[in-house]
Amino acid sequence: LDEKRIIVSLNLDTHELLKYVYEYGADGIGLFRTEYMFINPKAPPQEEEQIEIYTKLSNATLPNHCVIRTLDVGAEKLNTYGYSLKDFSLLGVRGVRILFKERDLYIKQLRSIVISSKNKNIKILIPMVTDVWEMKHVYDTLNEIKSELKKTSIQFDENIQLGAMLEVPSSLFLIDQLAKYCDYF
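Residue numbering note: each chain is counted from 1, following its sequence as written. Note on the predicted model: pLDDT of at least 70 is required for a residue's local features to be given, and 80 or more for side-chain atom pairs to be given and counted; whole-chain, interface and lining totals, by contrast, use all residues. Only hydrogens and water are set aside when side-chain values are computed; all heavy atoms of the structure are taken into account.

Engineer: Looking at this structure, I do not really get the nonpolar core. What am I missing?
Structural biologist: As a rule of thumb, soluble globular proteins bury nonpolar side chains together. We define a nonpolar core as any set of buried Ala, Val, Leu, Ile, Met, Phe, Trp, Tyr and Cys residues linked to one another through side-chain atoms lying within 4.5 Å. A 1.4 Å probe rolled over the protein chains alone gives each residue an accessible area, and that area as a share of the maximum for its type sets the label: buried under 20%, exposed over 50%, partly exposed in between. Counting 43 residues, the largest nonpolar core has Ile29, Phe32, Leu57, Ile124, Ile126 and Met135 as the members making the most contacts within it. Only heavy atoms enter the contact rule, under which two residues are in contact if any of them lie within 4.5 Å. Ignoring sequence-local partners within four residues, the contact set of isoleucine 126 consists of Thr70, Val96, Met135, Val138, Leu162, Gly163, Ala164 and Met165.

Engineer: Please clarify how the pairing of strand β5 (residues 161–164) should be interpreted in this entry.
Structural biologist: Both faces of the sheet carry side chains from a regular strand, because those side chains alternate between them. The pairing criterion for strands is at least two bridges between them, as found by DSSP. Under the scheme used here, helices are H or I runs from DSSP no shorter than 4 residues and strands are E runs no shorter than 2 residues, and both carry numbers assigned from the N terminus. The pairing of strand β4 (residues 122–126) with β5 spans 4 bridges and is parallel. Residue pairing for β5: isoleucine 124 is matched across the bridge by leucine 162. Here the term right-handed applies to a crossover when the path leading from its first strand over the helix to its second strand runs clockwise, the strands being oriented away from the viewer. On the question of chirality, the crossover connecting β4 to the parallel β5 by way of helix α6 (residues 132–150) is right-handed.

Engineer: I tried to follow helix α5 (residues 103–115) on my own but got confused; where do I start?
Structural biologist: The end-to-end C-alpha distance of α5, which contains 13 residues, comes to 18 Å, matching closely the 18 Å that a straight helix rising 1.5 Å per residue would cover. Taken together, the buried positions of α5 are occupied by Leu105, Tyr106, Gln109, Leu110, Ser112, Ile113, Val114 and Ile115. What a helix is expected to span follows from its residue count: subtract one and scale by 1.5 Å.

Engineer: Could you clarify how one ought to interpret the packing of aromatic side chains in this entry?
Structural biologist: Two aromatic rings, taken as a pair, are described by how far apart their centres are and by the angle between their planes. Put simply, two rings from Phe, Tyr or Trp (the six-membered ring, in Trp's case) pair if the centres are within 6.5 Å, and we call them stacked under 30 degrees between planes, edge-to-face over 60, tilted for the rest. Considering all chains together, one arrives at 3 aromatic pairs under this definition. Considering the side-chain rings of tyrosine 20 and tyrosine 24, the 5.7 Å spacing of their centres and the 15 degrees angle between planes classify their relative orientation as stacked. For tyrosine 24, a relative accessible area of 56% puts it in the exposed group. Relative to tyrosine 54, the ring of phenylalanine 32 has its centre 6.5 Å away and its plane inclined at 80 degrees; by these criteria the two rings are edge-to-face. A residue pair is termed long-range when its members are at least 10 positions apart, and phenylalanine 32 in strand β2 (residues 29–33) and tyrosine 54 in helix α3 (residues 47–61) qualify at 22 residues. With respect to class, phenylalanine 32 is no different from tyrosine 54; both count as buried. When the ring centre of tyrosine 184 is taken as origin, the NZ or CZ atom of lysine 123, which lies over that ring, is 5.3 Å away. In this analysis the charged atom, NZ for Lys or CZ for Arg, is taken to sit over a ring once it is within 6 Å of the ring centre and within 35 degrees of the ring normal.

Rendered as structure tokens:
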């Protein structure tokens, strides 16, 4: 009626569901939940596997966006890689904080997302941000990864957007400070 276009994006749990982006005529991926790639009794996905999946998502959604949420698991999902459920409380160690606890996973995942961003349609979304220092840490780490990649021949989006999920009420009171390290919420 008013000739305004409404953008509708799909949320996906696995890359196998990518066909629904086409089937339903979505305008991109509003949220790709990466935790389902990590819930595996044998081992977390290697960097190459992550790059392959994220690149597939990016290519399939061009010219539209693809928002990739970093690992967001808690006690209810992660009972693998030698951890017991007591290692992760339901709200204490999850989202961005599990990435601090498991730095190697965190670095590999961020690096994989950045390497997959050459189409310039990928956005990174950080879950369960509760404090500014968490977002600053992610921001600084992302910049370190980009600096390292600039020394190589790997093409990537140097302006890849970084966002924070405001799922915790206290983060709303920090929005002005968080905005220094975020391109979107």
